[in-house]
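Here's the letter readout for the chains.
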Amino acid sequence: MSGRWQWFHRLGSPKWFYEKTTRWLPWLVGAMALFLAVGIVWALLFLPPDYQQGHTSRILVVHVAVAGTSLSFFPLMAVAGTVTLVWRIKLADMVAKNAAPLGAWFTFLTLATGSIWGSVSWGTWWEWTDSRLVSMLFQLFLLLGVISLRTAIENAETAARACALLSIVGCINVVIIKYSVDWWNTLHQPSSPISMEVGSPNGPEFWVATAVMIVAVYLFLAVSLILTTRNEILQREDKAQWVRELVAQAR
Amino acid sequence: MNRAGAGAAFRATLKRDLLISVKRRNDILNPFMFFVIVVSLFPIGISPESAMLRQIAAGVIWIAVLLASMLSMDSLYRSDYEDGSLEQLLLSSQPLYLLVFAKNIAHWLVSGLPVILVSPLLAYMLALPAEGYVTLVLSLLLGTPVVGMLGSIAVALTVGLGSRGLILAVITVPMSVPVLIFGTLAVQNSLAGGSPLGYLALLGAMLAAAVSLAPVATAAALRISLN
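Quantities reported herein were computed from a predicted structural model and do not represent experimental measurements.

Cut-offs applied
- Residues numbered from 1 in each chain as written.
- Chains lettered and ligands numbered in written order.
- Predicted model: local features only at pLDDT ≥ 70, side-chain atom pairs only at ≥ 80, totals over all residues.
- Helix = DSSP H or I, 4+ residues; strand = E, 2+ residues; numbered from the N terminus.
- Rg over C-alpha atoms; globule rule 2.2 N^0.38 Å.
- Contact = placed C-beta atoms within 7 Å.
- Core = buried A, V, L, I, M, F, W, Y, C linked by C-beta atoms within 7 Å.
- Buried ≥ 20, exposed ≤ 12 C-beta atoms within 10 Å, placed from the backbone.
- pLDDT = per-residue confidence, 0-100.
- Axes fitted to C-alpha atoms, helices over the stretch in contact; angles between N-to-C directions.
- Parallel < 35°, antiparallel > 145°, perpendicular 65-115°, else oblique.
- Left-handed = near helix turned anticlockwise from the far one by under 90°.
- Nonpolar A, V, L, I, M, F, W, Y, C, P; charged D, E, K, R; others polar.

## Here's the deal with the overall build of chain B
- Per the secondary structure count, chain B includes 10 helices and 0 strands.
- Shown N-terminal to C-terminal, the secondary structure of chain B runs as helices and strands in the order α-α-α-α-α-α-α-α-α-α.
- The C-alpha radius of gyration computed for chain B amounts to 18 Å, which stays within 12% of the reference 17 Å derived for 227 residues, consistent with globular compactness.
- In chain B, of all internal contacts separated by at least 6 residues, the share reaching a separation of at least 24 is 81%.

Written as structure tokens, this is what we have:
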């Protein structure tokens, strides 16, 4: 093996990943807690109520952050899937396997927070004419499809490669669905341009809070993904020497 | 030699699949009957008023076509998988893309085309106005092969599973949404007096993309399923 690719294969070693993340996790969790605390306290206590939407605008800080993050799942799974299919690196599949339920959960949270916000601002919990709601719903369906394919195939190796292929196809499809649903008339707020002026509709007090929340949610995603992947490693590599030693130590 | 071989293999696969379908009429007839029955449920379930029916006619037919193709899809690779001829296809020296494509065409000819041929009659029963028929048939002609080829990927991924009837639909139906959107928008647009050409062109673009990419994915999926 040429030296240039060694780092890549080391990255794919479950043991290497497990040891590295043991060191990273405290920092990641700390940063996540910090950003979450700042974002939530800011949004709930200090953000001035919107002149039109009142206090309901606070939920947008969470909604925008979760929505943005949930869009990253299919690209993430497609990249992991490509690595699984081309290099057959087991770690990529462990990440992809746990990304699917997390992605479904984030997508559901996006729909739920959007729907709660919409019930006050639009006066309706669900609105088919809004293209973003509808394409999110279909992203949820596609993710559930990937999950059910994973559970349906018993052989882990086959399931990994089948889900990898479906994630790649699904990733392309999500984009097509998004643009085709956009052809409908839309009620959704177009993204408001960022403004530097305090007190304007999307002034710094709002978008900085949202930016803090986006970082917080991405950190939350990273931490959850790492934790579930570590579990997966312990389960799948339970015959390996280092896992046995780890388990013996823990006892 | 190999060139001619690829063409011959394509034709042989096409002919073989068509012959098998003719001999197993139930596999074709049941989804077809399902399509007709589902369409005739809508006037009963929603409203027999023609004013209401004409608004939903195109959508009802498109949705029924989608559901019926989910049913017929199941037989696409199953019997080949069970009798081992699918493995022979994978082992053959001919490009798997062409063989998969031939199977898709054969399947569309026996399951998609009959449904499209009967759709004007059902559209008439749903009181679709006269301006809609040509567009409906054209949109179905362009759209159903896309659905079939998307479904073919899902069938290939699940071919080794015991019970897979529903997982196939769960995977394929959400992926077919763009086809449904543009198919119904095309008909609605021509009912409103506009030109449906833009939407039909989009369906055509999807068909071109599906023809060039979907058999590649299906071939990869078959290799995964059969290891």
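Read on, since the account is not over.
## Describing the overall build of chain A
- Secondary structure assignment for chain A yields 9 helices and 0 strands.
- Secondary structure elements of chain A, listed N to C terminal, follow the sequence α-α-α-α-α-α-α-α-α.
- Of all intrachain contacts in chain A linking residues separated by at least 6 positions in sequence, the fraction that spans at least 24 positions is 74%.

## Let's talk about the nonpolar core
- Counting residues in each nonpolar core, the largest one holds 130 residues, and the members touching the most others are A:Leu165, A:Met213, B:Ile61 and B:Ala221.
- Those residues in contact with B:Ala221 that sit more than four places away from it in its chain are A:Ala162, A:Leu165, B:Ile153, B:Ala156 and B:Leu157.

## Observations regarding the confidence of the model for chain A
- The predicted model of chain A has a mean per-residue pLDDT of 85, with 89% of residues at 70 or higher.
- The spread of mean pLDDT over the elements of chain A runs between helix H1 (residues 6–11) of chain A, the lowest at 70, and helix H4 (residues 73–87) of chain A, the highest at 93.

## Concerning the packing of H4(A) against helix H7 (residues 156–181) of chain A
Residues and elements named next belong to chain A.
- The interhelical angle for the contact between H4 and H7, taken along N-to-C directions, is 140°, at an axis separation of 8 Å. The orientation of H4 relative to H7 falls into the category oblique. The two elements H4 and H7 meet at a crossing, and its hand is left-handed. Taken together, the residues of H7 that come into contact with H4 (itself represented by Phe 74, Pro 75, Met 77, Ala 78, Gly 81, Thr 82, Thr 84 and Leu 85) are Ala 160, Arg 161, Ala 164, Leu 165, Ser 167, Ile 168, Gly 170, Cys 171 and Val 174.
- Here the residues of the contact of H4 with H7 are counted per class, giving 11 nonpolar, 5 polar and 1 charged.

## Some details on the interface of chain B and chain A
- Listed as interface residues are 21 residues of chain B and, on the opposing side, 21 residues of chain A.
- Where the side of chain B that touches chain A is concerned, the elements lending two or more residues are helix H7 (133–157), helix H8 (165–175), helix H9 (177–191) and helix H10 (197–225) of chain B.
- Its residues assigned to classes, the side of chain B that touches chain A shows 17 nonpolar, 3 polar and 1 charged.

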